[in-house]
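Each chain, letter by letter, is given below.
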Amino acid sequence: MAYGNGATRFSRSALPPQFCNLDRLLHALKARDLDGIVVSQPLNVFYLTSFNGVAHKSDEPRPYACILSRHHPDHPVLVIAEYYLGSLLSQPTWVEDVRPVRGVMLPIHRPPREDELERFIPRGTENIAWIDGARGHYAFDQTSAIKKALADLKLDAAKVAFDNMAVGFRLGLQDMTVVDGYDPMMFARAVKTKTELGLLERSTALNEEAIRRTMSTWDRGATWRDLNKAYAMVVSELGGFVRDPGGMVWGHPRGSDPALMLSNCLEDNEITPGTHVMFDCHGTLDLYCWDGGKTWVVEGEPEGAAKLYATATGYVGEMLIREMKPGARVSELQTKGREIYRREGVPDADAALIFFHGLGLSHMDVEITTADEKRNTDWVLEEDMVVPVHLLYPGGEHERVWLEEVVHVTRDGGRPLFSWGFDALIR
């Protein structure tokens, strides 16, 4: 496939050495009376350090960790497998204390040597300070490297959060209190920096372009599997990524069945003219997620009752985006949305789905439990959050209506990141 200069539009380049909301993370640590945090989950390491490692899968122990003290926030430590050192030259990090650890590539049938680190240091790096520092901190195992970093930052006898508590418990430091670091990280990630907003705008634009191009691949006889494959191929050509098993989320029951189902990417029945395709697509670009889409009526437009449902859903979307200001609660927005459905005369306003979640490095990016130990179910919007609004009026294959907009929360109301408005897609 060839798509002109689309791939150039979404081509990746080095990110800033620091783009995280560090002040907000430090606030979260202080509010929870935490002295520091150790992150080893890949998204959190990327968030704090700009380092994005290849090769490792979701259930593997991570050969890296970032240790941050609330009392010395200008001196984080990045512990990293030595084979990743070269990656930090093309994607810089603001962390100046980088401590390499012997990884799996070197032989275990002979004693480790400090000079083996040189295998992983590119030529021409003699005057780079953090490289020189790395040489002085080469460790032969990750546990000892993390323990040394904790001791150097005076966290080995402190209250420390871990985004993977198993890492903390395995250290066996009797004087250190290990607590869950999920919520302070989500609190920090909930409000986006300027760089993050740009990354989310770019990933959303890729999704919009991919959906439009996927529509153009359809021809009579095409199946759901064909459509999912076409979407994945277009995304790849544009420079994005979808995860196994596919990028399209909603399932599409046939006939008059209004059931709400998610796709398992095994569906292989034909997509016939008049079908309402609910594009809810997930993927990533620079690890930042895209989400959403809307209804595509294949070779047609909404007709009969579906026209009412589509019009009402558009009105709900417009109203909710205007109301998505700092201080709004998701329960209030849901209530207002249902009132619009009732006003527009849909048969069963309570059947509509209206829901929200955060978006960034995940489809959550909102803390589960607040600093005062309350469940954060009915959460409050804050300025510079990015929040998808989801609207689904269920029905059969010729009636269902779906609209999902990705919204940047501002003082003046929501700013949609899609450019295509609220009407159904037609072709």
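Notes on the structure in this doc start here. No experiment lies behind these values; they were computed from the predicted model shown.

### With respect to the sheet that holds strand E4 (residues 97-101)
Read across the open sheet, the six strands follow the order E4-E3-E2-E1-E5-E6; overall the sheet is mixed. Whereas interior strands pair on both sides, the edge strands pair on one side only; in this sheet they are E4 and strand E6 (177-180). Mean inter-strand twist for the sheet, computed between neighbouring axes without regard to direction, equals 20°. Alignment of strand E2 (residues 64-69) against strand E3 (residues 77-81), held across four bridges, turns out to be antiparallel. By the bridge assignment, Ile67 is partnered in E3 with Val77.

### Focus on the packing of aromatic side chains
A complete count under the given rule lists 14 aromatic pairs for this structure. Ring centres 5.9 Å apart and planes at 15° place the aromatic pair Phe279 and Trp296 in the stacked group. With Phe279 in the loop between strand E7 (276-278) and strand E8 (283-285) and Trp296 in strand E10 (residues 293-297), this residue pair connects regions lying 17 residues apart in the sequence. Pair check on accessibility: Phe279 and Trp296 agree, each one buried. Between the aromatic rings of Tyr309 and Tyr393, the centroid separation amounts to 4.4 Å while the plane-to-plane angle is 40°, which identifies the pairing as tilted.

### Details of the packing of helix H11 (residues 305-323) against helix H12 (residues 330-343)
Where H11 meets H12, the closest approach of the two axes is 9 Å, and the angle between their N-to-C directions is 150°. In terms of axis orientation, H11 runs roughly antiparallel to H12. Between H11 and H12 lies a crossing whose hand is right-handed. Mapping the contact onto sequence places Ala312, Thr313, Tyr315, Val316, Met319, Leu320 and Glu323 in H11 and Leu333, Lys336, Gly337, Ile340, Tyr341 and Arg343 in H12.

Rules used in this analysis
- Residues numbered from 1 in each chain as written.
- Predicted model: local features only at pLDDT ≥ 70, side-chain atom pairs only at ≥ 80, totals over all residues.
- Heavy atoms only, no water.
- Pairing = 2+ DSSP bridges.
- Helix = DSSP H or I, 4+ residues; strand = E, 2+ residues; numbered from the N terminus.
- Axes fitted to C-alpha atoms, helices over the stretch in contact; angles between N-to-C directions.
- Phe/Tyr/Trp six-rings, centres within 6.5 Å; stacked < 30°, edge-to-face > 60°.
- Buried < 20%, exposed > 50% of the residue type's maximum accessible area, 1.4 Å probe, protein only.
- Parallel < 35°, antiparallel > 145°, perpendicular 65-115°, else oblique.
- Left-handed = near helix turned anticlockwise from the far one by under 90°.
- Contact = heavy atoms within 4.5 Å.

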